[in-house]
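Chain and residue survey
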Amino acid sequence: MSFQIGVLATMGTSPPIITEFLQYLELKGIVPHNIILISTRDKTVRESTLFARAAIRNRYRKTRVSIREVDVEDVDTEEKLFKFLEDATEVMWRARVNNHILYVNIAGGRMTMAMSVALLAQMIGVNGVYHVIMPDVKTFNIKLERIRKEIEDLAKLKDEKEQVEFYAKNKKIFDDVMFPPPSEYNVIRLPLLPMPRDVLVKIARMLSDVKAKIDPALPKDILEHLEMSGIIKRAKDLAYVTEFGRKIGAVLKSVLMI
């Protein structure tokens, strides 16, 4: 297996957030082999994700682009958030296993998606988490909305090859939106603090039941934080796990594969 570089990105209704990031990497001499786009079932998000794929395939012809659609239309409730976490965990693990270097871009989609993926990145382990910011967002949105009809038209084409050809025919107009001058946007690398696996395993096991004996090896400050967050309630050497805490425990077990 050759040395592989991957990019995983959450997608919303603004497709340039991934192409701007790829352009940023390109200027640093990095052209990823694999791009994984996480989309929801929302119609506009789907259209934007397909358009982004066509733009990437048009410019980076040797790069593989895959779309992973999570089984929610929006991440706007707690229930949908945990479903998103379940699906996103599987996607991120596969991306981690299949790439030697993995960068994560959380600029697209709901804030709930961005925060969740950033949290997963700290537990699974990636090489960097990034956010893309467009200072002149008003002008940017005007340009994007001018081609919204074409974004919808491209998504109606069933074949990926046709979608790439459609993009190529309108390349000059589309590239003006998808690949703006790097001076027009900022890419920020976010702080990433890996979490010790042994501590996470102890927490996951404790959160697996309604009532659990507290592992004496768990630091006192972590237990205090878990209680302050409404994840557990303590009574002597026992932890009473809340419903919210059990949901987090299920996610942790999935992330840690235990």
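Residues numbered from 1 in each chain as written. Predicted model: local features only at pLDDT ≥ 70, side-chain atom pairs only at ≥ 80, totals over all residues. Heavy atoms only, no water.

The next thing to look at is the overall build of the protein chain. Counting its secondary structure elements, the protein chain contains 11 helices and nine strands. Seen through its C-alpha atoms, the protein chain measures out along the principal axes to roughly 70 × 35 × 35 Å. For the protein chain, the proportion of its 258 residues judged to be buried stands at 48%. In the protein chain, the share of contacts with a sequence separation of at least 24, taken over all contacts with a separation of at least 6, comes to 76%. Taken as a whole, the protein chain presents about 13,400 Å² of accessible surface, with 55% of it coming from carbon and sulfur. Of the charged side chains in the protein chain, 40 are positive and 34 negative, and the gap between their average positions amounts to 4 Å. (Helix = DSSP H or I, 4+ residues; strand = E, 2+ residues; numbered from the N terminus. Buried < 20%, exposed > 50% of the residue type's maximum accessible area, 1.4 Å probe, protein only. Contact = heavy atoms within 4.5 Å. Areas by Shrake-Rupley, 256 points an atom, 1.4 Å probe, with all protein chains shown as cover. Lys, Arg positive; Asp, Glu negative; His and termini not counted. Charge placed at Lys NZ, Arg CZ, Asp CG, Glu CD.)

To continue, consider the sheet that holds strand β9 (residues 238-241). Strand order in the open sheet made by the three strands is β7-β9-β8, with antiparallel pairing throughout. Looking at the sheet topology across the chains shown, the edges are occupied by β7 (211-213) and β8 (232-235). Here the average twist between neighbouring strands, direction ignored, is 30 degrees. Bridge analysis of β7 against β9 gives three bridges, and the strand direction is antiparallel. Following the sheet pairing, A212 is matched in β9 by A239. (Pairing = 2+ DSSP bridges. Axes fitted to C-alpha atoms, helices over the stretch in contact; angles between N-to-C directions.)

Here we come to the packing of aromatic side chains. Counted according to the given criterion, the structure contains 10 aromatic pairs. A ring pair is formed by F21 and Y24, whose centres lie 6.0 Å apart and whose planes are at 20 degrees; its orientation type is stacked. A residue pair is termed a helical-turn pair when its members lie 3 or 4 positions apart in one helix, as F21 and Y24 do in helix α1 (residues 16-27) at three residues. Taking the relative accessible area as the measure of exposure, F21 reaches 0% and is therefore buried. Seen from their ring centres, Y167 and F174 are 5.1 Å apart, and the 45 degrees between their planes marks the pair as tilted. Given a relative accessible area of 1%, F174 falls into the buried group. Three or more aromatic residues joined by ring pairs make a cluster, and in this case those are F21, Y24, Y103 and Y130. Over the ring of F179 we find R59, and its NZ or CZ is 4.3 Å from the ring centre. (Phe/Tyr/Trp six-rings, centres within 6.5 Å; stacked < 30°, edge-to-face > 60°. Lys NZ or Arg CZ within 6 Å of the ring centre and 35° of its normal.)

So, about the pairing of strand β2 (residues 34-39). Among the six residues in β2, six count as buried, and that is most of the element. In terms of strand pairing, strand β1 (residues 5-10) meets β2 through five bridges, oriented parallel. Looking at β2, one finds that A9 is bridged to L37. In this fold, the crossover linking β1 to β2 by way of α1 has right-handed handedness. Direction of pairing for β2 relative to strand β3 (residues 64-69): parallel, over a ladder of six bridges. Each bridged residue has a counterpart across the sheet, and for I36 the counterpart in β3 is S66. In this fold, the crossover linking β2 to β3 by way of helix α2 (residues 43-59) has right-handed handedness. (Right-handed = clockwise from strand over helix to strand, strands pointing away.)

Note that all results are geometric; they support no functional claim without further evidence.
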